[in-house]
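# Commentary on secondary and tertiary structure
Here are the chains, one letter per residue:
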Amino acid sequence: MTGQLRHMLRDDDISHDEQREVLELGMRFRKDRFYHRPFDGPQAVAVLFDKPSTRTRSSFSVGVAELGGYPLVIDKAGSQLGRGEPVADTARVLTRMTSAIVWRTFGQERVEEMAKYATVPVVNALTDQFHPCQVLADFLTLAQLRGGVDALEGMSIAYLGDAANNMANSYLLGGATAGMHVRISGPNGYLPDARIVADAERIAATTGGSVLVTTDPAEAVSGVDCVFTDTWVSMGEESEYAIRSKPFRAYQVNDELMALAKPNALFQHCLPAYRGKEVTTSVIDGPQTAVWDEAENRLHAQKALLTWLIGKQRGDESLLS
Ligand code: CP
Ligand code: NVA
């Protein structure tokens, strides 16, 4: 097999089978954190942040170190990128010194530009549009707690709240890729872009999944295996706090809505969570919550993703499964 440069910029950058490979690798890392050390030496992975982070920062830092590499964590304030150096120039420099570039930033076009000029894999660690690493961790959590990677196909999931944000988009594309029945629910004005829904529907048609976008939260959660939510005010939207608190109230994940899902349904939230806003304490701290496994799974899923991307680039089959 010849090497192939691959990136993870949005959830549909990997196919159904490739997503399964990454998640199976993630399950192996869950069992044995040190079973692969693909970097095997002092190779650096650049981890760039234009926005705050706790989980992504810690999971990539620890994960790269556990893979045998060196995490080179650079914050916006401490980089020339933050002073306006072109993304293309940053890519040309980092690509000569690192084995992969992981970036949390604003517009999706910025990670696309990085990938255009990098000759190492580029990973989206959250943009305004997508958060694919989170969805891999969330699906790994479902695999962990509900019967393995094989069990994902045909599962029903619901996401409630800000249905126009990065998490909603990533559940649409990632869920459709997995062959899930994805239901997204939020108020009018905060529903997903029609182009992303169309992309998800096109993928779902090939995987046996389906897509439903509805303003009715009860319809969305009815009989699902897992209910997801996220903050109503994403990073960069802080000035909209007052106008955003009202329209989402009917989409708060509370005991009444959870009662409409399957009796053993799980609750997940990418975190940070705002108790009393998008979720009640009774749900996020209650018996159905999976949020702490979900947070830990960021580590395993991203180690799997980096290992898989490096395996693809090297053409090394042994790293892919
Ligand atoms: N879920 C998530 O990405 O968390 P951080 O913002 O803390 O990285
Ligand atoms: N939608 C949230 C996710 C945080 C991990 C944000 O972008 O701030």
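Residues numbered from 1 in each chain as written. Chains lettered and ligands numbered in written order. Predicted model: local features only at pLDDT ≥ 70, side-chain atom pairs only at ≥ 80, totals over all residues.

## What to know about the sheet that holds strand S2 (residues 70–75)
Each strand in a sheet pairs with another by means of backbone hydrogen bonds, the pair being arranged parallel or else antiparallel. Put simply, the rule reads: Note on pairing: two strands pair once DSSP finds at least 2 bridges between them. Starting at the N terminus, helices and strands are each numbered in turn, a helix being any DSSP run of H or I of at least four residues and a strand any DSSP run of E of at least two. Helix axes use the C-alpha atoms of the stretch in contact, all axes being lines fitted to C-alpha atoms, and the angles between their N-to-C directions lie in the range 0 to 180 degrees.
The strand order across the open sheet formed by four strands is S2-S1-S3-S4, and the pairing between neighbours is parallel. Of all the strands in the sheet, the pair left with one neighbour each is S2 and strand S4 (122–124). Adjacent strand axes in the sheet meet at a mean angle of 20° when their direction is disregarded. The sheet contact formed by strand S1 (residues 44–49) and S2 spans six bridges and is parallel.

## Observations concerning the site of ligand 1
As a reminder, the rule being used: By convention here, the C-beta atom is placed from the backbone, and a residue is near a molecule or strand when that atom is within 6 Å of it. Each residue is assigned to one of three groups, with Ala, Val, Leu, Ile, Met, Phe, Trp, Tyr, Cys and Pro labelled nonpolar, Asp, Glu, Lys and Arg labelled charged, and all others, Gly among them, labelled polar. Throughout the structure description, domain borders are defined by an automatic or database domain assignment.
The local shell around ligand 1 consists of Ser53, Thr54, Arg55, Thr56, Leu126, Gln134, Cys270 and Leu271. In the shell around ligand 1, the residues fall into three nonpolar, four polar and one charged. Two domains each donate at least three residues to the shell around ligand 1, and these are domain 1 (11–130 + 298–315) and domain 2 (134–294).

## Focus: the sheet that holds strand S6 (residues 181–185)
Across the sheet, five strands lie side by side as S7-S6-S5-S8-S9; this open sheet has parallel pairing. This sheet does not close on itself; its edge strands, each paired only once, are strand S7 (210–214) and strand S9 (266–269). In this sheet, neighbouring strand axes are inclined to one another by 20° on average, regardless of whether the strands run parallel or antiparallel. Both strand S8 (residues 226–229) and S9 contribute to a ladder of four bridges, which runs parallel. Each bridged residue has a counterpart across the sheet, and for Thr229 the counterpart in S9 is His269.

## Focus on the site of ligand 2
Neighbouring ligand 2 are the residues Leu126, Asn165, Asn166, Met167, Asp230, Thr231, Ser234, Met235 and Cys270. A class-by-class count of the residues in the shell around ligand 2 yields four nonpolar, four polar and one charged.

## Some points on the UniProt feature "domain: Aspartate/ornithine carbamoyltransferase Asp/Orn-binding" (unreviewed entry) in the chain
Put simply, the test is: UniProt positions are given in the numbering used here, feature names are shortened, and annotations may be inferred rather than shown by experiment.
Listed under "domain: Aspartate/ornithine carbamoyltransferase Asp/Orn-binding" (unreviewed entry) in the UniProt record, and renumbered for this structure, are residues 153–309. With 41% helix and 15% strand, residues 153–309 has its two end C-alpha atoms placed 23 Å apart.

## Focus: the domain arrangement of the chain
Using the following cut-off: Residues are treated as contacting if the C-beta atoms built from their backbones sit within 7 Å of each other.
Split into domains, the chain comes out as domain 1 (11–130 + 298–315) and domain 2 (134–294). Summarising the inter-unit geometry, the C-alpha centres of domain 1 and domain 2 are found 24 Å apart. With 24 residues of domain 1 in contact, the opposing surface of domain 2 contributes 22 residues. Breaking the side of domain 1 that touches domain 2 down by element, the ones donating at least two residues are helix H1 (16–31) and helix H12 (291–314). The leading source of residues in the side of domain 1 that touches domain 2 is H1, at nine residues. Here the residues of the side of domain 1 that touches domain 2 are counted per class, giving nine nonpolar, six polar and nine charged.

## Here's the deal with the confidence of the model for the chain
To keep it simple, the criterion reads: As a per-residue measure, pLDDT tells how confident the predictor is, with possible values from 0 to 100.
Here the chain shows a mean pLDDT of 96. Residues at 70 or above account for 99%. Scored as a complex, the prediction yields pTM 0.98 and ipTM 0.99.

## Quick word on the packing of helix H3 (residues 87–94) against helix H4 (residues 108–117)
Note the threshold: The labels follow the angle: roughly parallel below 35 degrees, roughly antiparallel above 145, roughly perpendicular from 65 to 115, and oblique for the rest. The handedness criterion is simple: a crossing whose near helix is rotated anticlockwise from the far helix by less than a right angle is left-handed, and one whose near helix is rotated clockwise is right-handed.
Taken N-terminus to C-terminus, the directions of H3 and H4 make an angle of 45°; their axes are 8 Å apart at the nearest point. Between H3 and H4, the crossing angle belongs to the class labelled oblique. Read as a crossing pair, H3 and H4 show a hand that is right-handed. The segment H3 lies against H4, with Val87, Ala88, Ala91 and Arg92 engaging Arg110, Glu113, Met114 and Tyr117. Here the residues of the contact of H3 with H4 sort into five nonpolar, no polar and three charged.

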